[in-house]
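Take a look at the letters that make up each chain.
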Amino acid sequence: MSSTPSHIVPAQSPLQGILWMLASGLCFVGVTGVVRYLGTDLPAAQSAFLRFGWGAVFLLPALITVARAGVARGVMRLHLMRGALHIAAVVCWFYAMARIPLAEVTAIGYLNPVLLTLGMAVFMGEKLAFRRLAAIAVALLGALIVLRPGLREVTQGHLSQVGAACFFAGSYLFAKKLSGMVSAGQAVAVLSLIVTIGLAPLAWLVWVPVTAVQIGWLAVVAACATAGHYCMSRAFALAPVAVTQPVVFLQLVWATLLGRIVFGEAVDPFVLLGGGVIVASVSYITWREATLRRNPSVTPEV
């Protein structure tokens with residue numbers, strides 16, 4: 001039997017994968033930094049609409065390709081359901097970003113893959129073995145360390161970011177469903193268009209005058225987010241997720257430094273600790289799933 005030609009197998013380079021993931025984290029910190037800088041002058045729905053409007057412009061070539069090819073009705077229904085969840089997520093995220101420290105937004109955001117794992121079990125029947133359940137419990141403990149309810153005030157900004165994590169996890173559930181039906185380019189392009197259209201009436205209801213500078217900064221947000229997703233995809237192509245996942249923790253470090261140096265935010269060791277606990281849990285879940293995929297004979301229960 002002849003082996004698979006090497007030219008169609010992606011070359012693995014863990015170091016390059018780590019560097020791409022590092023670049024991805026810096027891009028996403030750039031996103032949070034700019035949104036934090038813009039503050040509360042623009043309502044969350046309006047900021048999100050302008051950001052995704054720029055994203056739709058950047059993805060216009062892909063949208064033209066999708067329009068020419070057409071989208072099946074059943075697939076479009078999934079796109080729309082994902083878009084609805086994503087709209088709720090980005091509005092919550094923009095609201096939280098302008099009101100709580102960068103590090104706290106980043107740390108709570110680490111819950112996304114944990115909630116996605118729970119969602120896969122609840123809505124898609126995926127089995128959760130004891131070790132994964134324990135890892136999820138540890139991640140939720142990390143979130144409690146960050147929030148510390150009862151020991152300090154949990155603001156609307158904190159609750160909004162928790163809501164964003166839940167809605168993003170729901171969006172990713174539909175993304176996982178769509179991944180076996182459409183190309184990644186179609187999924188991203190259609191999502192950007194649906195979110196922009198869906199945010200338009202919400203933005204109109206709260207619209208305030210916007211300056212050219214604010215529009216320009218939101219274009220930077222869209223560019224950084226697009227670059228961050230590109231770098232992440234490159235990282236996943238070059239190295240196993242189990243290798244690149246721990247690098248995500250550095251995003252919390254960069255966010256903490258940015259918040260301290262640029263915005264004068266206090267460094268909260270509990271946020272760093274809680275974020276580290278969540279990332280460690282997510283890394284374990286990722287490593288465990290990668291191990292099971294490589295060696296199906298390994299029983300999930302152990």
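Above this text sits the structure in question.
Conventions we followed
Chains are numbered independently. Their residues run from 1 in the order of the written sequence. Side-chain atom pairs in this predicted model are given and counted only at pLDDT of 80 or more, local residue features only at pLDDT of at least 70, and totals for whole chains, interfaces and linings cover all residues. Water and hydrogen atoms play no part in the side-chain values, which are based on all heavy atoms of the structure. The secondary structure listing takes helices from DSSP runs of H or I that are at least 4 residues long and strands from runs of E that are at least 2 residues long, numbered from the N terminus. For the radius of gyration, the atoms used are the C-alpha atoms, and the globule rule reads 2.2 Å times the number of residues raised to 0.38. Relative accessibility thresholds used throughout: buried, under 20% of the residue-type maximum; exposed, over 50%; partly exposed, between the two (1.4 Å probe, protein chains only). Contacts are residue-level and defined by heavy atoms, with any inter-residue pair within 4.5 Å sufficient. Residue burial considers only the protein chains on display, and all accessible areas are found by Shrake-Rupley using a 1.4 Å probe. Charge assignment: positive for Lys and Arg, negative for Asp and Glu; neither His nor the chain ends contribute. The atoms used to mark charge sites are NZ of Lys, CZ of Arg, CG of Asp and CD of Glu. Each helix should span, by expectation, one fewer than its residue count multiplied by 1.5 Å. For helices, the fitted axis covers only the stretch in contact; all axes are lines through C-alpha atoms, and the angles between them, taken along N-to-C directions, range from 0 to 180 degrees. Between 65 and 115 degrees an angle is taken as roughly perpendicular, under 35 as roughly parallel, over 145 as roughly antiparallel, and anywhere else as oblique. Definitions for this section: a left-handed crossing has its near helix turned counterclockwise from the far helix by less than a right angle. A right-handed crossing has that turn clockwise. Residue classes follow a fixed rule: Ala, Val, Leu, Ile, Met, Phe, Trp, Tyr, Cys and Pro count as nonpolar, while Asp, Glu, Lys and Arg count as charged, and any other residue, Gly among them, counts as polar. Any N or O atom pair separated by 3.5 Å or less is treated as a polar contact, with the protein-specific requirement of one donor-capable and one acceptor-capable atom, and with residues adjacent in sequence counted only for side-chain atom pairs.

**Re the overall build of the chain**
Here is step 1 of the chain: Of regular secondary structure, the chain possesses 13 helices and 0 strands.
Here is step 2 of the chain: Going residue by residue from the N terminus, the α and β elements of the chain occur as α-α-α-α-α-α-α-α-α-α-α-α-α.
Here is step 3 of the chain: The globule rule puts the C-alpha radius of gyration for 302 residues at 19 Å, and the 20 Å found for the chain is close to it.
Here is step 4 of the chain: Dimensions of the chain along its principal axes, counting C-alpha atoms only, are 65 × 55 × 35 Å.
Here is step 5 of the chain: Each of the 302 residues in the chain was classed as buried or not, and the buried ones make up 45%.
Here is step 6 of the chain: Within the chain, contacts between residues separated by at least 24 positions form 90% of all contacts whose residues are at least 6 apart in sequence.
Here is step 7 of the chain: Accessible surface, the chain: about 15200 Å² in total, of which carbon and sulfur atoms supply 71%.
Here is step 8 of the chain: The distance from the centre of the 19 positive side-chain charges to the centre of the 8 negative ones in the chain is 12 Å.

**Structural notes on helix 2 (residues 44-58)**
Here is step 1 of the chain: Between the first and last C-alpha of helix 2 there are 21 Å, a value that for 15 residues agrees with the 21 Å anticipated at 1.5 Å per step.
Here is step 2 of the chain: Within helix 2, the full set of buried residues consists of Ala44, Ala45, Gln46, Ser47, Ala48, Leu50, Arg51, Phe52, Gly55 and Ala56.
Here is step 3 of the chain: Against the buried residues of helix 2 lie helix 3 (60-69), helix 4 (73-97), helix 9 (184-205) and helix 10 (212-238).

**Points about the environment of Met232**
Here is step 1 of the chain: Within the element layout of this structure, Met232 appears in helix 10.
Here is step 2 of the chain: Non-local contacts of Met232, meaning those with residues more than four positions away in its chain, are made with Met21, Ser24 and Phe28.

**Remarks on the packing of helix 6 (residues 111-124) against helix 7 (residues 130-147)**
Here is step 1 of the chain: The interhelical angle for the contact between helix 6 and helix 7, taken along N-to-C directions, is 140°, at an axis separation of 10 Å. By the angle class used here, helix 6 and helix 7 are oblique. Both helix 6 and helix 7 take part in a crossing whose hand is left-handed. In this structure, helix 6 uses Leu111, Val114, Thr117 and Leu118 to contact helix 7, whose residues at the interface are Arg132, Ile136, Ala139, Leu140 and Ala143.
Here is step 2 of the chain: Taken together, the residues of the contact of helix 6 with helix 7 sort by class into 7 nonpolar, 1 polar and 1 charged.

**A word on the side chain of Thr196**
Here is step 1 of the chain: Following the sequence through the fold, Thr196 ends up in helix 9.
Here is step 2 of the chain: In this structure Thr196 comes out as buried when scored by relative accessible area, which is 11%.
Here is step 3 of the chain: Polar side-chain contacts of Thr196 include one of 2.9 Å to the backbone oxygen of Phe52.
Here is step 4 of the chain: Those residues in contact with Thr196, other than ones at most four positions away along the chain, are Phe49, Phe52, Gly53 and Ala56.

**Let's talk about the side chain of Ser160**
Here is step 1 of the chain: The residue Ser160 is located in helix 8 (residues 156-179) in this model.
Here is step 2 of the chain: By relative accessible area, Ser160 is classed as buried at 10%.
Here is step 3 of the chain: With residues near it in sequence (within four places) discarded, Ser160 still touches Cys92, Tyr95 and Ala96.

**Some remarks on the packing of helix 1 (residues 14-38) against helix 12 (residues 249-263)**
Axis angle and axis distance: for two packed helices, these are the angle between their axes and the distance between the axes, and together they describe the pair.
Here is step 1 of the chain: Where helix 1 contacts helix 12, the axes come no closer than 9 Å and their chain directions differ by 35°. Crossing geometry of helix 1 relative to helix 12 is assigned as right-handed. The segment helix 1 lies against helix 12, with Leu22, Gly25, Leu26, Phe28, Val29, Gly33, Arg36 and Tyr37 engaging Leu250, Gln251, Trp254, Ala255, Leu258 and Phe263.
Here is step 2 of the chain: By residue class, the composition of the contact of helix 1 with helix 12 is 10 nonpolar, 3 polar and 1 charged.

Everything listed is a geometric property; what it means functionally is a separate question.
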